[in-house]
Amino acid sequence: MRPQMILAGNWKMNGLTADLEEVTRLAATTAEMAGEVGIVICPPATLLSRVSDVLKPAGMASGGQNCHIAVKGAHTGDISAQMLKDAGATYVIIGHSERRTDHGETDGRVRTKAELTMSEGLVPIICVGETLKERENGVAITVVEHQLTGSVPAADKGADIVIAYEPVWAIGTGRVPTNQDIADMHKAIRTWLEAHYGSKGSDIAILYGGSLKPDNADEILAVENVNGGLVGGASLKAEDFSKIIAAGQRVQTIRRAAAT
Ligand code: 13P
């Protein structure tokens, strides 16, 4: 079973060899938390194997940011799920809104990629989220349910997936939904997952992403049905990301105590 609190950093198209220092620093400062919360970095593919080499011994994981729809073949410039796994990845982000927008990724392609990554033994982090217009029009939950219906693999493929709810308008903007809006959306996603997977849907981690920062992490991660975060800008510096990880650990400790 996946950890019940996962903090994943999405470096997007950022990171050069010099930035590996941040990974080393992160591994050193957060190593004692690694058992209790899942710590993941998804660097650009060029750094994946080197990041994996640093994180694995520290009990942390790495992930890819995308993969091709095919297993292998004549697809110049693309990368397969098997290659990500070979480079040390445990996770793959699939269907990020930047890929949906920049590369026209449809729900159907997202689902195919997610199924492929699962068959390669990787865990897909499937991203969903509404635009500002959809939020303002009051259809955010309907839009996300529709994305889940189109993007999540069939239940017979297994339930070893992670969902990331990332409102498009919150990404890189410094704006975040209210805690109530996050709670309502995560509850709707949980309900959808339980309808799709049965009781296994209760254990699937649902991450929040979009302007998650050290100063709002305690509050957002404590919202019901929030099981971690997918962090962009604030994951690039070990100092910031380790504060978000520490917030996740605090929330996890409180939840554990409440459950006993
Ligand atoms: P920011 O944390 O920079 O808003 O990015 C969120 C995101 O897109 C993570 O996948």
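I will try to describe carefully the structure that is included in this document.

What follows is about the pairing of strand 7 (residues 206-209). Taking every second residue as pointing to the same face, both faces of strand 7 are buried, with I206 and Y208 on one and L207 and G209 on the other. For strand 6 (residues 162-165) and strand 7, the ladder comprises three bridges, and the chain directions are parallel. When the sheet's bridge partners are listed, I163 is paired in strand 7 with I206. A crossover links strand 6 with its parallel partner strand 7, the connecting element being helix 8 (residues 179-197), and its sense is right-handed. Here strand 7 pairs with strand 8 (residues 228-231) via two bridges, running parallel. Counted as the bridge partner of G209 is L230 from strand 8.

A few words on the site of the ligand. Around the ligand, the structure places N10, K12, H96, E166, A170, I171, G172, G210, S211, L230, G232 and G233. Considered on its own, the ligand offers 310 Å² of accessible surface; in the complex 96% of this is hidden by protein.

On to the layout of surface pockets, then. The calculated volume of the largest pocket comes to roughly 530 Å³. For the largest pocket, the lining is made up of 19 residues, of which K12, Q65, N66, R99 and H103 are closest to its centre. Considering every element that reaches the lining of the largest pocket, the biggest residue donor is helix 4 (residues 97-102), with three residues. By residue class, the composition of the lining of the largest pocket is seven nonpolar, seven polar and five charged.

Counted by the stated rule, this structure contains one cavity of 30 Å³ or more. Taken as a whole, the largest cavity holds about 30 Å³ of empty space. Looking at the largest cavity, the residues that line it are W11, E22, V23, L26, I41, S235, L236, K237, A238 and F241. The leading source of residues in the lining of the largest cavity is helix 1 (residues 20-30), at three residues. Each residue belonging to the lining of the largest cavity can be placed in one class, and the counts come to seven nonpolar, one polar and two charged.

Further remarks concern helix 10 (residues 238-259). Between its first and last C-alpha, helix 10 extends 31 Å over 22 residues, near the 32 Å set by a 1.5 Å rise per residue. Within the span of helix 10, buried status applies to A238, F241, S242, I244, I245, A246, A247, G248, Q249, V251 and Q252. Taken together, the buried residues of helix 10 touch strand 1 (6-10), helix 1, strand 2 (38-42), helix 9 (217-221) and strand 8.

What follows covers the pattern of salt bridges. One pass over the full model with this rule turns up 12 salt bridges. Close ionic contact of R99 with E105 constitutes a salt bridge, the shortest N to O distance being 3.1 Å. Looking at R99, the relative accessible area reads 22%, which means it is partly exposed. Linked by salt bridges that have partners in common, E21, E22, R25 and K237 make up one network.

What counts and how
Residues numbered from 1 in each chain as written. Predicted model: local features only at pLDDT ≥ 70, side-chain atom pairs only at ≥ 80, totals over all residues. Heavy atoms only, no water. Buried < 20%, exposed > 50% of the residue type's maximum accessible area, 1.4 Å probe, protein only. Helix = DSSP H or I, 4+ residues; strand = E, 2+ residues; numbered from the N terminus. Pairing = 2+ DSSP bridges. Right-handed = clockwise from strand over helix to strand, strands pointing away. Near = heavy atom within 4 Å. Areas by Shrake-Rupley, 256 points an atom, 1.4 Å probe, with all protein chains shown as cover. 1 Å grid on protein atoms, 1.4 Å probe; cavity = no way out; pocket = protein on both sides within 12 Å on 5 of 7 lines; lining within 4 Å. Points joined across faces, edges and corners; volume = space filled by probe spheres on them. Nonpolar A, V, L, I, M, F, W, Y, C, P; charged D, E, K, R; others polar. Expected span 1.5 Å × (residues − 1). Contact = heavy atoms within 4.5 Å. Salt bridge = Lys/Arg side-chain N within 4 Å of Asp/Glu carboxyl O.

Structural measurements only, silent on function.
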